[in-house]
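Residue strings, one per chain:
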Amino acid sequence: MSSHSRKAAKLIRPLVQRLHPYVPGEQPKILGLVKLNTNENPYSPAPKVIEAVKRAADGRLRLYPNPTAELLREKLAKFHGCQPENIIVGNGSDELLAMAVRAFTEPLDGGRGRNGTPGPSKGKVQFFHPSYSLYPVLAATHGAKAHPVALESNFAIPALPKLKSGKQWDFAAALSFITTPNAPSGRAYGKAQLKELCAAQRGVIVLDEAYVDFARENALSLSLAFPHVLTARTFSKAYSLCFLRVGYFVGSRELIAALNKIRDSYNVNGLGQIAAIETLNCLPYYRETFCKIIHSRNHLSTRLSDLGFEVYPSQTNFILVRPPHFPAAVWLEKLRSKKILVRWFNDPILKDWLRITIGTEAECDALIREAERMTND
Ligand SMILES: *Cc1c(COP(=O)(O)O)cnc(C)c1O
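Residues numbered from 1 in each chain as written. Predicted model: local features only at pLDDT ≥ 70, side-chain atom pairs only at ≥ 80, totals over all residues. Heavy atoms only, no water.

Considering the site of the ligand
Alright, step 1. Every residue lining the ligand is accounted for by Gly-92, Ser-93, Asp-94, Tyr-132, Thr-179, Asp-208, Ala-210, Tyr-211, Thr-234, Ser-236, Lys-237 and Arg-245.
Alright, step 2. A distance of 2.6 Å separates an oxygen atom of the ligand from a polar atom in the side chain of Thr-234.
Alright, step 3. Arg-245 places a side-chain nitrogen or oxygen 2.6 Å from an oxygen atom of the ligand.
Alright, step 4. In isolation the ligand exposes 390 Å². Once the protein is present, 94% of that is buried.
Alright, step 5. Class assignment for the residues of the shell around the ligand results in three nonpolar, five polar and four charged. (Near = heavy atom within 4 Å. Polar contact = N/O pair within 3.5 Å; in protein donor to acceptor, adjacent residues only side chain to side chain. Areas by Shrake-Rupley, 256 points an atom, 1.4 Å probe, with all protein chains shown as cover. Nonpolar A, V, L, I, M, F, W, Y, C, P; charged D, E, K, R; others polar.)

Focus: the sheet that holds strand β9 (residues 310-311)
Alright, step 1. Taking strand neighbours across the sheet as the criterion, the three strands line up as β9-β10-β12 in an open arrangement whose pairing is antiparallel. Of all the strands in the sheet, the pair left with one neighbour each is β9 and β12 (354-357).
Alright, step 2. Pairing of strand β10 (residues 318-322) with β12 involves four bridges; the strand directions are antiparallel. Among the inter-strand pairings, Phe-318 is bridged to a residue of β12, identified as Thr-357.
Alright, step 3. Across the sheet, helix α12 (residues 283-306) touches β9, β10 and β12, and the angle it forms with β10 is around 5°. (Pairing = 2+ DSSP bridges. Helix = DSSP H or I, 4+ residues; strand = E, 2+ residues; numbered from the N terminus. Contact = heavy atoms within 4.5 Å. Axes fitted to C-alpha atoms, helices over the stretch in contact; angles between N-to-C directions.)

Considering the pairing of β10
Alright, step 1. Within β10, four of the five residues are buried, which leaves the element mostly enclosed by the surrounding structure.
Alright, step 2. The hairpin formed by β9 and β10 contains six residues between the paired strands. (Buried < 20%, exposed > 50% of the residue type's maximum accessible area, 1.4 Å probe, protein only.)

Structural notes on the nonpolar core
Alright, step 1. Formed by 53 residues in total, the largest nonpolar core has its most connected members in Leu-72, Val-89, Phe-235, Leu-300, Leu-304 and Ile-356.
Alright, step 2. Counting residues per element, this core draws most heavily on α12, at six residues.
Alright, step 3. Both domains that furnish three or more residues to this core are identified here as domain 1 (24-45 + 284-376) and domain 2 (59-281).
Alright, step 4. Sequence-distant contacts of Leu-304, defined by excluding residues within four places in its chain, comprise Phe-309, Val-311, Ile-319, Val-321, Ile-356 and Ala-371. (Core = buried A, V, L, I, M, F, W, Y, C linked by side-chain atoms within 4.5 Å. Domains from an automatic or database assignment.)

Concerning a nonpolar patch on the surface
Alright, step 1. Among the surface-exposed residues, Leu-11, Ile-12 and Val-16 lie close enough to one another that they form a single nonpolar patch of about 300 Å² accessible area.
Alright, step 2. Among the secondary structure elements, Val-16 is positioned in helix α2 (residues 14-18).
Alright, step 3. Overall, the relative accessible area of 40% leaves Val-16 in the partly exposed class. (Patch = residues over 30% accessible without salt bridge, like charges linked within 9 Å, V, L, I, M, F, W, Y side chains within 5 Å. Salt bridge = Lys/Arg side-chain N within 4 Å of Asp/Glu carboxyl O.)

Here we look at the domain arrangement of the protein chain
Alright, step 1. As far as domains go, the protein chain holds domain 1 (24-45 + 284-376) and domain 2 (59-281).
Alright, step 2. Centre-to-centre, using C-alpha coordinates, domain 1 lies 26 Å away from domain 2.
Alright, step 3. In this assembly, 25 residues from domain 1 lie in contact with 24 residues from domain 2.
Alright, step 4. Buried surface at the junction of domain 1 and domain 2, summed over both partners, amounts to about 2,100 Å²; 63% is from carbon and sulfur atoms.
Alright, step 5. On inspection of domain 1 and its partner domain 2, the count reaches zero salt bridges. (Buried area = accessible area lost by both parts, 1.4 Å probe.)

Quick notes on the pairing of strand β4 (residues 145-150)
Alright, step 1. Sheet analysis places strand β3 (residues 124-129) next to β4, joined by six bridges and oriented parallel. By the bridge assignment, Lys-124 is partnered in β4 with Lys-145.
Alright, step 2. Assessed by its sense of winding, the connection that carries the chain from β3 through helix α6 (residues 134-142) to β4 is right-handed. (Right-handed = clockwise from strand over helix to strand, strands pointing away.)

Points about the sheet that holds strand β6 (residues 204-208)
Alright, step 1. Taken together, seven strands build an open sheet; the order of strands is β2-β8-β7-β6-β5-β3-β4 and the sheet is mixed. The sheet is open, and its two edges are formed by β2 (87-90) and β4, each paired on a single side. Within the sheet, the average angular offset between the axes of one strand and its neighbour, ignoring direction, is 25°.
Alright, step 2. Strand direction decides the pairing type here: β2 and strand β8 (residues 247-250), joined by four bridges, are antiparallel. In the sheet register, Ile-88 faces β8, and the bridge partner there is Phe-249.
Alright, step 3. Strands β3, β5 (175-179), β6 and β7 (229-234) of the sheet are contacted by helix α8 (residues 191-200), whose axis makes an angle of about 160° with β6.

Side note on the packing of helix α5 (residues 93-104) against helix α10 (residues 253-261)
Alright, step 1. Contact geometry for α5 and α10: axes closest at 9 Å, N-to-C directions at 100°. One way to sum up the angle between α5 and α10 is to call them roughly perpendicular. Counting all contacts with α5, which are made through Met-99, Ala-100, Ala-103 and Phe-104, the residues of α10 involved are Leu-255, Ala-258 and Leu-259.
Alright, step 2. Among the residues forming the contact of α5 with α10, the class breakdown is seven nonpolar, no polar and no charged. (Parallel < 35°, antiparallel > 145°, perpendicular 65-115°, else oblique.)

Below is the structure:
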């Protein structure tokens, strides 16, 4: 290291020097790539949404957007049967997940807890494992303690008596994230079970419902019934707006007001607000795409099962599969060489599995054809 870079390195907080950042799925620019790695919706936004964004792209781009996404919050409030004060909009739901960590958890001694022991509950960011791999990064960034608790081997949330006797789950943790339906397994959790867990929990719970539009049930009403429960939703996955970054939380006025205190003034870009508002005018279009995706999910699951894949039942727009014959990491590379990109996680629990986003019918067929070839070789 040159003395120049040594000087620069010393300016960085030790916590940040040690930090392992979140690794998002790749976004390679390969012509003709079948991209099934980041759970994007394969169908374009409704034509009216695209028109609305185009109409707004004029000289008004020089102006700041509405700071509180007021019109969008009013529309969302009507949609969910609550008040605009129960809603905060973020630059993607990821921004709000990070804000929840900052608003509800205490950073601990260098993020390690005192004497290297697990920190007390008020510094804990708790989540089930496996789930969204951003949560531990958010905890580490804040200097809070990431507290993963194992799911059952079939990705179920352990029943409440088991959580209570197991001593792993901390009912007083400052903040708990529950991905529901779960990612990367695709497994959904019933509202009754989530309600029981929420009732027993004393810290804040965020129900991360990023994929709930592809599921049979949602639990958003819990965030209007309990003062300590927030539901996270996003326009990215089901509503084809990843590019514009719009997500939101629903919850009690008190928790939403707390989050607003630490929100950047203009956190949600204007084109994103316009696109999200128009999306809510086009819900029948999106319901049709959900049906298409669910249909393709069932078709792909059946075909891959026939080829010897273990397919985990999914209520999301992706499936988790254990491929036959070669290790999952080899499948990843073989498929990539055929311009089909899926996701593999370098994690002891997940290393034998691939997560495959449901694409268009043609994309699913391309994957099935390659899988047929590879299993027959
Ligand atoms: C994609 C995803 C998000 C983030 O969505 P954005 O609104 O695009 O930030 C949050 N939680 C889970 C589980 C996700 O998969």
